[in-house]
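# Coordinates in review
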Amino acid sequence: MNQRGVTLWFTGLSGAGKTTISRAVAEKLRSLNYGIEILDGDIVRQNLTKGLGFSKEDRDENIRRIGFVAHLLTRNGVIVLVSAISPYREIRQEVREKIGNFIEVFVNAPLEVCEGRDVKGLYKRARAGEIKRFTGIDDPYEAPLKPEVECRTDLEDLDESVNKVFNKLTELGYISN
Ligand code: ADP
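Conventions and cut-offs
- Residues numbered from 1 in each chain as written.
- Predicted model: local features only at pLDDT ≥ 70, side-chain atom pairs only at ≥ 80, totals over all residues.
- Heavy atoms only, no water.
- Helix = DSSP H or I, 4+ residues; strand = E, 2+ residues; numbered from the N terminus.
- Rg over C-alpha atoms; globule rule 2.2 N^0.38 Å.
- Near = heavy atom within 4 Å.
- Polar contact = N/O pair within 3.5 Å; in protein donor to acceptor, adjacent residues only side chain to side chain.
- Areas by Shrake-Rupley, 256 points an atom, 1.4 Å probe, with all protein chains shown as cover.
- Nonpolar A, V, L, I, M, F, W, Y, C, P; charged D, E, K, R; others polar.
- Phe/Tyr/Trp six-rings, centres within 6.5 Å; stacked < 30°, edge-to-face > 60°.
- Lys NZ or Arg CZ within 6 Å of the ring centre and 35° of its normal.
- Core = buried A, V, L, I, M, F, W, Y, C linked by side-chain atoms within 4.5 Å.
- Buried < 20%, exposed > 50% of the residue type's maximum accessible area, 1.4 Å probe, protein only.
- pLDDT = per-residue confidence, 0-100.
- Expected span 1.5 Å × (residues − 1).
- Arc of directions from axis to C-beta.

### Some words on the overall build of the protein
If you tally the helices and strands in the protein, you get 7 helices and 5 strands. Reading the protein from its N terminus to its C terminus gives the helix and strand order β-α-β-α-α-β-α-β-α-α-β-α. Here the C-alpha atoms of the protein give a radius of gyration of 16 Å, agreeing with the 16 Å that 2.2 N^0.38 yields for 177 residues. Along the longest, intermediate and shortest principal axes, the C-alpha atoms of the protein span 50 × 35 × 25 Å.

### Digging into the site of the ligand
Taken together, 16 residues lie near the ligand, and Gly15, Lys18, Thr19, Thr20 and Glu156 sit nearest. Contact between the ligand and Arg117: an oxygen atom at 3.3 Å from a side-chain N or O atom of the residue. Protein coverage of the free-state accessible area of the ligand, which is 570 Å², stands at 76%. At 4 residues, the largest contribution of residues to the shell around the ligand is made by helix H1 (residues 18-31). Class assignment for the residues of the shell around the ligand results in 5 nonpolar, 6 polar and 5 charged.

### What about the packing of aromatic side chains?
Considering all chains together, one arrives at 3 aromatic pairs under this definition. On the basis of an interplanar angle of 20° and a centroid distance of 6.1 Å, the ring pair of Phe106 and Tyr141 is categorised as stacked. Here Tyr141 lies in the loop between helix H6 (122-127) and strand E5 (149-152) and Phe106 lies in strand E4 (residues 102-108), a separation of 35 residues in the sequence. One residue, Arg45, lies across the ring of Phe54, its end atom 3.9 Å from the ring centre. Positioned over the ring face of Tyr88 is Lys56, at 4.7 Å from the centre of the ring.

### Side note on the nonpolar core
Within the largest apolar cluster, 32 residues are counted, with the highest numbers of intra-cluster contacts made by Leu8, Val25, Leu29, Val105, Val165 and Leu169. Of all the elements in the fold, those that place two or more residues in this core are strand E1 (6-11), H1, strand E3 (79-83), E4, H6, E5 and helix H7 (158-171). Grouped together as the second largest cluster of nonpolar side chains are 15 residues, Trp9, Val44, Tyr88 and Phe102 included.

### Concerning unusual backbone geometry
Positive phi is not limited to glycine here, since Asn33 has a value of about 70°. Overall, the relative accessible area of 73% leaves Asn33 in the exposed class.

### What to know about the confidence of the model for the protein
Looking at the protein as a whole, its pLDDT mean stands at 97, while 99% of the residues score no less than 70. The secondary-structure element of the protein with the lowest mean pLDDT is helix H2 (residues 41-44), recorded at 95, while E4 shows the highest, at 99.

### Focus: H7
Compared with an ideal rise of 1.5 Å per residue, which puts 14 residues at 20 Å, H7 spans 20 Å between its outermost C-alpha atoms and is within 8% of the ideal. Buried residues of H7: Ser161, Val162, Val165, Phe166, Lys168 and Leu169, and no others. Each buried residue of H7 sits inside an arc of 160° when the element is viewed along its axis, so together they form one side. What points out from H7, more than 90 degrees from its buried face, is the exposed set Asp159, Asn167 and Glu171.

Right, dumping it as structure tokens:
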């Protein structure tokens, strides 16, 4: 495989658009014959990190394990797309340093917008007190200070967000399309 590996790390609130953008980017990369893998937080939590909860310790452990797998793939030339809330800055920094070839994509929309979308009905349940430690409601989200890419999904459409990610991949020399 004649490509450089990199991890695209999509972080942001629930409903901000991480899954939507990462899937669209993945589809486009696949159509250009790049070797990719997706690590989606919701799916990872059903297998790789099954049993972990939402305390800071468990959230960090979740991210550490995702980072471990992303690192293995990245060093073997895969373009890895991680979408996980990953609310804590310090652990994001830790996986960034470990992986090296790392692009942080801040998928950003105001809480009110994410809550208004309520894609999975989780905000409603969090407001009702049925879910505790929900990021943005009663658990913190530490926004990236210097993300390589920021997608303002309340202000731009999906194509614009996807293009921003592609432009960064091109600028940094990971793809040549
Ligand atoms: P997350 O993975 O961050 O929890 P999702 O991708 O599951 O978020 O949901 C985001 C929702 O926002 C989807 O319903 C998507 O259609 C919508 N949306 C609106 N505008 C955008 C945009 N520019 N980029 C991504 N998603 C958007």
